[in-house]
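The residues making up each chain are set out below.
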Amino acid sequence: MKKTAYLLLAVFAIMFTGCSSDDDDVLPVQDDKGTVTPPAGEDDKEKPMYKYTFEGNVVTSVPQMNVTTEPTPNTMELKDMPNKETGTATLVLGGFSVHVTGMPMPITIGEMTIEGVEYVFDKDGNCSFSKKNFQVMAGSYDTTGSLEGTIDAVNGMAQMTMNYKPGSMPFDCVTVFTYRK
C-alpha cells in the first residue's frame, strides 16, 4: 500500500511540474541568506511585484556620543517593486537594540516599514534605492530620517545606510545594514 501511495505522489508531482514561458525574466536567487522572489501571477489584472529579502547585519552608531554597536543579525526586505527598471518600493528593516554606555537599558528600535523608497536598476541588474525624508513608527518611537542603499547583483552584496532620529532622542543615529554572499 505504501509503495502505491508513493507512486501516486510521484506521478502527481510530475504532472503538476511545469515551466513558465518567461523564465528568462526572473531575477536570480541570491543564496540561502538572500533571496529574490519573482513576480507572482501572470494574470493581466494582477500587477507583478518583486521582493528582495536579505539576512545580514546591522551596525548602529550615535556619532555625537561616540557610540558604535557590534554587528547584530537582522533582515532587510525591499518589496512591492512593480518592475526591474525604476519605481517606488517598500523597505522593511527588522527591529534592533542600541546599547549606549552609561544607560541602564538598551534603546530598542522597532521594525521600520518605509514606503515610497525610490529605486532604479542598471543594465547589469544592480539596484540603487533611496528615500530623502521618511517618518515612521519604529516600535514606540516616531522616527524621522533618510536612507540610501545598493544591491550589487553581480557580487552578491547589499548595503543600506539610514540616518534617523528616533522619537525625542536629541542625537541622530546611523544604522548600516550589510549583506554579503
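Fair warning: this is a prediction, and the values are worked out from it, not measured in the lab. (Residues numbered from 1 in each chain as written. Predicted model: local features only at pLDDT ≥ 70, side-chain atom pairs only at ≥ 80, totals over all residues. Heavy atoms only, no water.)

A. Expanded view of the overall build of the chain. Per the secondary structure count, the chain includes 1 helix and 12 strands. Counting from the amino terminus, helix and strand elements in the chain follow one another as α-β-β-β-β-β-β-β-β-β-β-β-β. Within the chain, buried positions represent 34% of all 181 residues. For the chain, the exposed area adds up to about 11100 Å²; of that, 54% sits on carbon and sulfur atoms. (Helix = DSSP H or I, 4+ residues; strand = E, 2+ residues; numbered from the N terminus. Buried < 20%, exposed > 50% of the residue type's maximum accessible area, 1.4 Å probe, protein only. Areas by Shrake-Rupley, 256 points an atom, 1.4 Å probe, with all protein chains shown as cover.)

B. Representation of the pairing of strand E10 (residues 141–152). Sheet analysis places strand E9 (residues 127–138) next to E10, joined by 10 bridges and oriented antiparallel. From the neighbouring strand, serine 128 faces E10, where its bridge partner is threonine 150. In sequence, E9 turns back onto E10 through a hairpin of 2 residues, with glycine 139 there showing a positive phi of about 70 degrees. Where E10 and strand E11 (residues 157–166) come together, 10 bridges link them in antiparallel fashion. By the bridge assignment, aspartate 152 is partnered in E11 with methionine 157. Linking two consecutive strands that pair antiparallel, namely E10 and E11, is a turn of 4 residues; a positive phi of about 65 degrees is found at glycine 156 within it. (Pairing = 2+ DSSP bridges.)

C. Layout of the environment of threonine 150. Along the chain, threonine 150 falls in strand E10. The partly exposed category is assigned to threonine 150, whose relative accessible area is 41%. Sequence separation of threonine 150 and serine 130 is 20 residues, and the distance between their C-alpha atoms is 8.8 Å. Ignoring anything within four residues of it in the chain, the contact list for threonine 150 reads Cys127, Ser128, Phe129, Met157, Ala158 and Gln159. (Contact = heavy atoms within 4.5 Å.)

D. Representation of the side chain of asparagine 74 within the structure. The residue asparagine 74 is located in strand E4 (residues 72–81) in this model. For asparagine 74, a relative accessible area of 7% puts it in the buried group. There is a polar contact of 3.4 Å between the side chain of asparagine 74 and the backbone oxygen of glycine 95. Apart from residues lying up to four places away in sequence, asparagine 74 is in contact with Phe54, Glu55, Gly56, Asn57, Val58, Leu93, Gly94, Gly95, Phe96 and Phe177. (Polar contact = N/O pair within 3.5 Å; in protein donor to acceptor, adjacent residues only side chain to side chain.)

E. Fine view of the pattern of salt bridges. What the rule picks out here adds up to 2 salt bridges. Two residues, lysine 51 and glutamate 77, come together in a salt bridge whose shortest N-O distance is 3.8 Å. In this pair, lysine 51 sits in strand E2 (residues 50–62) while glutamate 77 sits in strand E4, placing the two residues 26 residues apart along the sequence. Among the residues examined, lysine 51 registers a relative accessible area of 29% and is labelled partly exposed. When its relative accessible area of 19% is taken as the criterion, glutamate 77 is described as buried. One salt bridge connects lysine 123 with aspartate 124, and the closest N-O pair in it is separated by 3.8 Å. Using a relative accessible area of 78% as the deciding quantity, one classes lysine 123 as exposed. Its relative accessible area of 46% is what places aspartate 124 among the partly exposed residues. (Salt bridge = Lys/Arg side-chain N within 4 Å of Asp/Glu carboxyl O.)

F. Structural detail: the confidence of the model for the chain. Taken as a whole, the chain shows an average pLDDT of 76; of its residues, 73% reach a score of 70 or greater. When pLDDT is averaged over each helix and strand of the chain, the minimum, 33, is found for helix H1 (residues 2–16) and the maximum, 95, for E9. This stretch, residues 1–34, has a pLDDT under 50; its non-local contacts, to residues over four places away or in other chains, come to 28 contacts. (pLDDT = per-residue confidence, 0-100.)

G. View of the packing of aromatic side chains. Tallied over the entire structure, the rule returns 4 aromatic pairs. Ring geometry for phenylalanine 54 versus tyrosine 179: centroids 5.0 Å apart, planes at 45 degrees, classification tilted. On the criterion of sequence distance, the pair formed by phenylalanine 54 in strand E2 and tyrosine 179 in strand E12 (residues 173–180) is long-range, its members being 125 residues apart. Exposure class is identical for phenylalanine 54 and tyrosine 179. Each is buried. Plain terms: the ring middles of tyrosine 119 and phenylalanine 121 are 5.9 Å apart, the flat faces sit at 85 degrees to each other, and that makes the pair edge-to-face. (Phe/Tyr/Trp six-rings, centres within 6.5 Å; stacked < 30°, edge-to-face > 60°.)

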